[in-house]
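In case you want the letters, here they are:
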Amino acid sequence: MENYTKYQLKAAEEIIPFLNGTDNIFVLACNKCFKEFETLHEPDCEAFIQIAKAQGKTVTGSAKFDFLCNKNRTAKRLAELIPEGTESIFVISCGLGVQTIADLVSLPVYAAANSLNYTGHHGMALTDKACDACAQCYLNITGGICPIVDCSKSLVNGQCGGAKNGKCEVDPNKDCAWENIQRRLAAQGRVSELTAQSVQVRDYSKVNFDLISRYVKAIREKRFEGYPGGVHPVEGKEATEHLPLVRFPEPKSVVLPMSMHLGAPATPVVAVGDKVKVGQVIGEAAGFISAPVHASISGTVVAIEERPHATRGTCLAVVIESDGQNTLHESVRPNKPLDELTGDEIIEIVKNAGIVGMGGAGFPTYVKLKPNKPIEAVLLNGCECEPMLTADHRVLLEFADDIIFGLKAMMKTLNAPRGVIVIEDNKPDAIELMQSKIAGEEGMEVCVAKTKYPQGGEKMLIKRVLGRSVPSGGLPADVGAVVSNVSTVKAISDAIQKGMPLIERVTTVTGKYIPHPGNFIVKIGTNAAELVEACGGIQGTDETIKAGGPMMGFVQEHLYTPIMKGSNGIIAIDTDNAEPQECIKCGRCVDVCPMDLAPLNFMKYAGTGDWQACKESNIMDCMECRCCEYICSSKLPLVTMIKLGKNGVRGLK
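Residues numbered from 1 in each chain as written. Predicted model: local features only at pLDDT ≥ 70, side-chain atom pairs only at ≥ 80, totals over all residues. Heavy atoms only, no water.

Trainee: Sorry, what's going on with the overall build of the protein chain here?
Mentor: A count of helices and strands for the protein chain gives 21 helices and 23 strands. With 653 residues in all, the protein chain has 55% of them scored as buried. Across the protein chain, the fraction of contacts at a sequence separation of at least 24, relative to all contacts at a separation of at least 6, is 72%. Summed over its atoms, the accessible surface of the protein chain is roughly 28,300 Å², and 51% of this surface lies on carbon and sulfur atoms. (Helix = DSSP H or I, 4+ residues; strand = E, 2+ residues; numbered from the N terminus. Buried < 20%, exposed > 50% of the residue type's maximum accessible area, 1.4 Å probe, protein only. Contact = heavy atoms within 4.5 Å. Areas by Shrake-Rupley, 256 points an atom, 1.4 Å probe, with all protein chains shown as cover.)

Trainee: Is there a simple way to think about the sheet that holds strand E11 (residues 281-284) in this case?
Mentor: Adjacent strands of a sheet pair through backbone hydrogen bonds, lying either parallel or antiparallel. Read from one edge of the open sheet, three strands run E9-E11-E12, paired in antiparallel fashion. At either end of the open sheet lies a strand with only one pairing partner, and these are strand E9 (267-268) and strand E12 (293-294). The sheet contact formed by E9 and E11 spans two bridges and is antiparallel. Within the sheet, the bridge partner assigned to proline 268 lies in E11 and is glycine 283. (Pairing = 2+ DSSP bridges.)

Trainee: I tried to follow the sheet that holds strand E15 (residues 377-381) on my own but got confused; where do I start?
Mentor: Spatial ordering of the open sheet is given by E17-E16-E15-E18, a layout of four strands whose pairing is parallel. Where the open sheet ends on each side, the last strands, each with one partner, are strand E17 (444-449) and strand E18 (481-485). Sheet twist, expressed as the mean angle between neighbouring strand axes with direction ignored, is 25 degrees. Sheet topology places E15 next to strand E16 (residues 418-424); five bridges connect them, and they run parallel. Across the sheet, leucine 380 pairs through a bridge with isoleucine 421, a residue of E16. Of the strands in this sheet, E15 and E18 are in contact with helix H15 (residues 486-497), which crosses E18 at around 85 degrees. (Axes fitted to C-alpha atoms, helices over the stretch in contact; angles between N-to-C directions.)

Trainee: Mind showing me how you'd approach the packing of helix H12 (residues 400-414) against H15 here?
Mentor: To describe two helices that pack against each other, one gives the angle between their axes and the distance between the axes. In contact at an axis separation of 7 Å, H12 and H15 are set at 80 degrees when each is read in the N-to-C sense. Here H12 is positioned roughly perpendicular relative to H15, judged by the angle of their axes. Between H12 and H15, the contacting residues are Asp402, Ile403, Phe405, Gly406, Leu407, Ala409 and Met410 on the first element and Val486, Val489, Lys490, Ile492, Ser493, Ile496 and Gln497 on the second. Per-class residue counts for the contact of H12 with H15 are nine nonpolar, three polar and two charged. (Parallel < 35°, antiparallel > 145°, perpendicular 65-115°, else oblique. Nonpolar A, V, L, I, M, F, W, Y, C, P; charged D, E, K, R; others polar.)

Trainee: It is not clear to me how helix H21 (residues 638-650) should be interpreted in this structure. Could you clarify?
Mentor: Each full turn of the α-helix corresponds to 3.6 residues, which orients residues three or four apart in the same direction. The terminal C-alpha atoms of H21, which comprises 13 residues, lie 18 Å apart, in line with the 18 Å expected from a rise of 1.5 Å per residue. Those residues of H21 not exposed but buried are Leu638, Val639, Met641, Ile642, Gly645, Lys646, Gly648 and Val649. Contacts from the buried residues of H21 go to helix H18 (599-608), helix H19 (611-616) and helix H20 (627-631). (Expected span 1.5 Å × (residues − 1).)

Trainee: Before we go on, may I ask you to explain unusual backbone geometry in this structure?
Mentor: Phi is mostly negative for residues that are not glycine, and the peptide bonds are mostly trans. For the bond running from tyrosine 453 to proline 454, omega is 5 degrees, close enough to zero to count as cis. With respect to the helices and strands, proline 454 occurs in the loop between E17 and helix H14 (458-466). For methionine 388, which is not glycine, the phi torsion reads 75 degrees and is therefore positive. For methionine 388, the location among the structural elements is in the loop between E15 and helix H11 (391-398).

Trainee: Hey, could you run me through the nonpolar core in this one?
Mentor: Considering soluble globular proteins, one finds that nonpolar side chains tend to be buried as a cluster. Ranked by size, the top nonpolar core spans 48 residues in total, and within it Ile421, Met434 and Ile496 carry the most contacts. If near-sequence neighbours (up to four positions away) are discounted, methionine 434 is found in contact with Leu396, Ala400, Ile403, Ile404, Ile421, Ile423 and Val446. In terms of nonpolar packing, the next biggest core, distinct from the first, is built from 37 residues, Phe26, Val27, Leu28 and Ile49 among them. (Core = buried A, V, L, I, M, F, W, Y, C linked by side-chain atoms within 4.5 Å.)

Trainee: So what exactly am I meant to see when it comes to the packing of aromatic side chains here?
Mentor: Here the distance between the centres and the angle between the planes together describe a pair of aromatic rings. On inspection of all chains with the given rule, the structure shows five aromatic pairs. Ring plane angle 75 degrees and centroid distance 5.7 Å describe the contact between phenylalanine 288 and tyrosine 366, whose orientation is recorded as edge-to-face. A residue pair is termed long-range when its members are at least 10 positions apart, and phenylalanine 288 in the loop between E11 and E12 and tyrosine 366 in helix H10 (residues 365-368) qualify at 78 residues. Looking at phenylalanine 288, the relative accessible area reads 48%, which means it is partly exposed. Taking the relative accessible area as the measure of exposure, tyrosine 366 reaches 5% and is therefore buried. Counting every residue linked through ring pairs, the aromatic cluster contains Phe18, Phe48, Phe90 and Tyr110. A cation over a ring is seen here: arginine 77 above phenylalanine 65, with NZ or CZ 4.0 Å from the ring centre. Positioned over the ring face of phenylalanine 399 is lysine 490, at 4.3 Å from the centre of the ring. (Phe/Tyr/Trp six-rings, centres within 6.5 Å; stacked < 30°, edge-to-face > 60°. Lys NZ or Arg CZ within 6 Å of the ring centre and 35° of its normal.)

Trainee: Please clarify how the environment of alanine 47 should be interpreted in this entry.
Mentor: Mapped onto the elements, alanine 47 comes out in helix H2 (residues 44-54). Sequence separation between alanine 47 and alanine 12 is 35 residues; the distance between their C-alpha atoms is 9.6 Å.

Trainee: Even after reading the chapter, I still don't get the pairing of strand E23 (residues 569-574), so can you show me in this structure?
Mentor: It is a general feature of regular strands that their side chains alternate between the two faces of the sheet. When you tally the buried positions in E23, you get five out of six residues, the bulk of the element. Two elements, strand E19 (residues 504-510) and E23, share three bridges in a ladder whose sense is parallel. Considered in E23, the bridge of threonine 508 is made with glycine 569. As paired elements, strand E21 (residues 543-547) and E23 share five bridges and run antiparallel to each other. Paired with threonine 544 across the two strands is isoleucine 573, which belongs to E23.

Next up, the structure:
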């Protein structure tokens, strides 16, 4: 494969003039992008250091980064990296990397390489467009600020005099690039380097600058909207977002897995032949991180055995045959009014009701209500950023009062002064309704978030709403937040107001191969095949069935698995028959990763069984959102390899 790169080291005769007059140099090199993934490192850094030393210059140190233009990752690594006494920095990268470093440090920054463009290949801002805005780079004489892109008029010889209070007359929302250049150069004592330059003349007929300028601005805004990274897949929600909830008929039998949550599976407390009622405990929590399981129908226990499971292959389950009576258990009765309940009582109610995160993760909710740290805000995830699914959207519209009640209960339990319902802007009806519902409610607000996947990840919500980053290996409580799904707080409301444990949920059934999609209120344990059959069955020959959405859902070999507490959807979509190719190190997976990780490295390390490298690269921070795999031009099974890497790390002593 041809080795495409984004830059090449300048010739010695081009570098030497910039070396003159400076010393104590630190060298930063970007490990070239868009190339066959043969090595992590490039030889240009050593070549430059040889040139500098031949001129009698002192090199204080050097570092090589993957994707230097990824500002978030670079800023973290750059902290405390540059030794004291360093007077200037030479950057070996494309122009984006130079600008990134110039924005992050106060020292003079020089470009030691020439950017290269390859038509049809990876280009600026980690997209497929090449930067042809000027055809020559001014970064060495402008302190690392690009006048072509950052000046609204694309001036190359200084400011026009039209700025007012530091803002451009063409674009009042934009800083005057040339004032920024002057300030930066003055602070570095380098103004004379600019004023000594001859007048520059550009041929504007060679490029559509306005197009490039708008493009760069849009890319920058999109990349960091709310939180870094993320993608915007085709939403595909139009098939069901307008369809009201339908209560699915009572099943003739249910299969209730003892593991529908993170942590230890529940322990069965019934025997074959036992008569059970709706809401009765049939499986007790087996540890602190665990949750009880309740009968969703009344009838007879006919089996306790291993049964198919949507995410685990098989799992011990209690099978109940319905008696058709739907008789409530005596324990199902309303609790005291919320005002009379203590926080500890609410925690006990939630624990006994078997409530877990219903967005898919399945973490026992009562544990979140005992953080042992001060909580400033409860964030309700109403984003439902996963494409195609509309279950939470319908819950927002049809159970708004229950959501408000559940949020109040959480705020009271956590002594949190602030409750925020976060909804993506592709759900204007839900936004309008919830805003009207919370009017007058103390401490509650609706946050309208620009639609972007994976907005619903708790760390993404916290970053967007609170502007805080959960530390590696940390929890939301570490930054004063607790995050819960809107369906989960609806279940909290049911547990308090009705005494009903978690025995049903809303599930979306949709996809290209589903003739009659819909949103259903379904008893936990209902056979997924029955639900799909009620929607007309699956009409296709090359479909993929997933439990969940297209991004984070689990591929199903068959539909004979039960609806569980986290079953927010069943979809039937086209099978992706693309064949994986070699990684070309384009960097797109790094750019879209919301956790600031480098997924391409996980592919390499897991492939060679280097679990220590996986660990050191923070593979355990990956939330398996599949953004990397979605954007990968080589169609690599990145998430599969990440899961392999995580298992390897868990096995390390």
